[in-house]
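The chain contents come next:
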Amino acid sequence: MPIFDDPFDAERELSRTGCVCGRHRSDAEHTQAALALRCEPVASEEKRYEGVVASAVMRAMFPKDAARRAFLKSVGAATALAAISQFFPLKTATEAFADTGAPEKKDLKVGFIPITCATPIIMGAPLGFYAKQGLNVEVVKTAGWAVVRDKTINKEYDASHMLAPMPIAISLGLGAQAIPFAVPAIENINGQGITLAMKHKDRRDPKEWKGMKFAIPFDYSMHNYLLRYYLAEHGLDPDTDVQLRSVPPPEMVANLRADNIDGFLAPDNICQRAIYDGVGFMHILSKEIWDGHPCCSFAASKEFITTAPNSFAALTRAILDATAYASKAENRKQIAEAIAPANYINAPVTVLEQVLTGTYADGLGGIKTDPKRVDFDPFPWQSFAVWMLTQMKRWGQIKGDVDYKSIAEQVYLATGTRKAMAEMGLAAPEAAYKSFAVMGKTFDPAKPDDYLNSFKIRKSS
């Protein structure tokens with residue numbers, strides 16, 4: 001419905017068809033304009049709401065466009081507006097209408113773990129993305145993933161940074177009570193790596209890793225699933241041939257230095273800090289396992305979404321806006337400085353720049369460049385969720401039959417995110433599912449059980 005059309009333009013229709021922003025005659029036209037960066041915002045929010053209210057009044061007075069056109073041509077737009085304003089309080093109605101979109105709760109707390117995966121969430125505070133949406137957001141640094149989960153469930157946090165599989169696990173009651181959670185945005189893609197202690201620099205073949213101890217951030221994490229996948233593809237059973245330990249990311253480098261672990265699959269800033277401190281080297285980037293994989297997400301409970309829909313929508317817009325900004329290479333150094341302080345990631349700017357710009361020391365005396373080492377794309381592909389569910393089942397976290405599609409679509413809010421992105425002039429895919437390859441093996445989201453059954457190494461049921 002073209003709600004922002006000029007209701008006093010005799011040449012325009014006030015029909016109930018059109019696009020979400022009201023500036024195009026169809027969704028297809030809107031999408032094309034958005035892709036070409038031609039979908040410009042209206043002059044101001046006040047003018048925007050004036051158009052909504054005036055269009056509603058004109059529709060009520062003149063249900064048929066022919067009658068409205070005849071009226072306008074006979075008296076003119078200015079006279080028509082003055083006449084209607086005498087009998088209908090357009091200004092008051094506009095203010096009331098505008099207020100309906102105001103956040104129910106402006107003071108919010110959002111939890112995060114101090115890693116570069118949380119970049120859009122963290123930078124939203126110092127770079128003003130939350131304030132732009134009328135929100136006063138306190139981003140709260142948190143010690144570990146179980147703490148983030150528990151504080152969000154207990155409503156100490158309104159929303160939070162979560163590992164991409166965590167909202168699925170929480171919704172299914174895995175590791176905690178079952179509470180419906182949702183993901184409107186992926187925080188980052190790629191952005192992890194396998195780091196080994198320096199003493200293993202001559203043990204680069206994973207087949208030689210039997211008996212080694214590896215850290216992962218959490219059981220329900222892409223880090224866990226990608227490391228298990230990598231080990232299994234090299235013939236190692238991750239449950240019997242190596243030891244996997246859950247270690248909070250901020251504690252991983254210290255554990256590597258103390259020889260408590262032999263390596264880890266962790267967020268890139270943790271990998272780079274181990275290299276910066278001289279205690280580890282980069283074995284491979286996670287994008288070498290699966291280029292474009294999701295890592296972390298922005299998540300909220302369904303209760304928060306339904307009780308404070310405007311606050312949730314404003315938060316989502318802020319995250320989408322920040323993610324779009326972070327996706328541009330020219331902004332990465334500024335972002336590194338913004339998120340480096342102690343109340344955020346608490347890391348040297350040099351470490352964060354190496355992660356975000358993709359030009360980094362590998363710990364073995366080399367300098368490597370990969371601008372997509374970490375990237376930012378917020379769209380919550382539901383095929384990502386289906387893949388995670390196959391790995392949860394593969395490793396015994398889920399028993400029995402799984403309704404992959406239903407769970408994916410309940411937790412990963414692709415439809416709502418697509419709409420929000422379109423309204424903001426950001427390009428969004430039309431589909432919610434796509435195929436991709438992990439270590440050369442194609443995943444078809446329409447055939448998850450076939451994919452699952454193709455693995456030789458898996459936990460026996």
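See the structure shown above.
Residues numbered from 1 in each chain as written. Predicted model: local features only at pLDDT ≥ 70, side-chain atom pairs only at ≥ 80, totals over all residues. Heavy atoms only, no water.

Looking at the pairing of strand β8 (residues 243-246)
As a general feature of sheets, a regular strand has side chains that alternate between the two faces.
Right, so step 1: Pairing of strand β7 (residues 213-216) with β8 involves 4 bridges; the strand directions are parallel. Paired with K213 across the two strands is Q243, which belongs to β8.
Right, so step 2: As a crossover connection, the stretch from β7 through helix α10 (residues 222-233) into β8 is right-handed. (Pairing = 2+ DSSP bridges. Helix = DSSP H or I, 4+ residues; strand = E, 2+ residues; numbered from the N terminus. Right-handed = clockwise from strand over helix to strand, strands pointing away.)

Overview of empty space enclosed by the protein
Right, so step 1: Applying the stated rule across the entire model yields 1 cavity of 30 Å³ or more.
Right, so step 2: Forming the boundary of the largest cavity are R149, M166, A169, I170, L174, F218 and Y220.
Right, so step 3: Considering every element that reaches the lining of the largest cavity, the biggest residue donor is helix α9 (residues 166-172), with 3 residues.
Right, so step 4: Counted by class, the lining of the largest cavity contains 6 nonpolar, no polar and 1 charged residues. (1 Å grid on protein atoms, 1.4 Å probe; cavity = no way out; pocket = protein on both sides within 12 Å on 5 of 7 lines; lining within 4 Å. Points joined across faces, edges and corners; volume = space filled by probe spheres on them. Nonpolar A, V, L, I, M, F, W, Y, C, P; charged D, E, K, R; others polar.)

Examining the environment of Y229
Right, so step 1: Inspection of the secondary structure assignment puts Y229 in helix α10.
Right, so step 2: Measuring from C-alpha to C-alpha, the distance between Y229 and V438 comes to 8.7 Å, with 209 residues separating the pair along the chain.
Right, so step 3: Beyond its immediate chain neighbours, meaning those up to four positions away, Y229 contacts W387, Q391, R394, V438, M439, K441, Y451 and F455. (Contact = heavy atoms within 4.5 Å.)

A few points about the packing of aromatic side chains
Right, so step 1: Inspection of the entire model under this criterion finds 14 aromatic pairs.
Right, so step 2: An angle of 40 degrees between the planes, with centres 5.3 Å apart, marks the rings of W209 and F214 as tilted. The pair formed by W209 and F214 is uniform in burial state, with each residue classed as buried.
Right, so step 3: When the ring of W290 is compared with that of F436, the centres are 4.3 Å apart and the planes differ by 20 degrees; the resulting orientation is stacked. Of the two residues, W290 is situated in the loop between β10 (280-285) and β11 (296-301) and F436 in strand β15 (residues 436-438); the sequence distance between them amounts to 146 residues. Taken individually, W290 and F436 each receive the classification buried, so the pair is uniform in this respect.
Right, so step 4: An aromatic cluster of three or more residues is present, and its members are Y229, W290, F384, W387, F436, F443, Y451 and F455.
Right, so step 5: A cation over an aromatic ring shows up here: R228 above the ring of W395, its NZ or CZ 5.0 Å from the ring centre.
Right, so step 6: Sitting over the ring of Y360, R373 keeps its end group 4.2 Å from the ring centre. (Phe/Tyr/Trp six-rings, centres within 6.5 Å; stacked < 30°, edge-to-face > 60°. Buried < 20%, exposed > 50% of the residue type's maximum accessible area, 1.4 Å probe, protein only. Lys NZ or Arg CZ within 6 Å of the ring centre and 35° of its normal.)

Side note on the state of the cysteines
Right, so step 1: Under the definition given, this model contains 0 disulfides.
Right, so step 2: Of the cysteine sulfurs around C117, a residue in no disulfide, the closest is that of C295, at 3.4 Å.
Right, so step 3: With relative accessibility at 1%, the residue C117 sits in the buried group.
Right, so step 4: On the accessibility criterion, C295 (0% relative accessible area) is buried. (Disulfide = S-S within 2.5 Å.)

As for the pairing of strand β9 (residues 263-267)
Right, so step 1: Within β9, 5 of the 5 residues are buried, which leaves the element mostly enclosed by the surrounding structure.
Right, so step 2: For strand β6 (residues 192-197) and β9, the ladder comprises 5 bridges, and the chain directions are antiparallel. Counterpart to T195 in the pairing with β9 is F264.
Right, so step 3: Pairing between β7 and β9: 2 bridges, direction parallel. Looking across to β9, one finds that F214 is bridged to G263.

Notes on the sheet that holds β8
Right, so step 1: Read across the sheet, 5 strands follow the order β8-β7-β9-β6-β10 without closing on themselves; strand pairing throughout is mixed. Unpaired on one side and paired on the other, β8 and β10 mark the two borders of the sheet. Each strand of the sheet is rotated relative to its neighbour by a mean of 30 degrees, with strand direction disregarded.
Right, so step 2: Strand direction decides the pairing type here: β6 and β10, joined by 5 bridges, are antiparallel. Paired with T195 across the bridge in β10 is M282.
Right, so step 3: The strands that helix α11 (residues 249-257) touches are β6, β7, β9 and β10; relative to β9, the one it contacts most, it runs at about 160 degrees.
Right, so step 4: Its contacts with the sheet put helix α12 (residues 268-276) on β6, β9 and β10, and the angle it makes with β9 is roughly 130 degrees. (Axes fitted to C-alpha atoms, helices over the stretch in contact; angles between N-to-C directions.)

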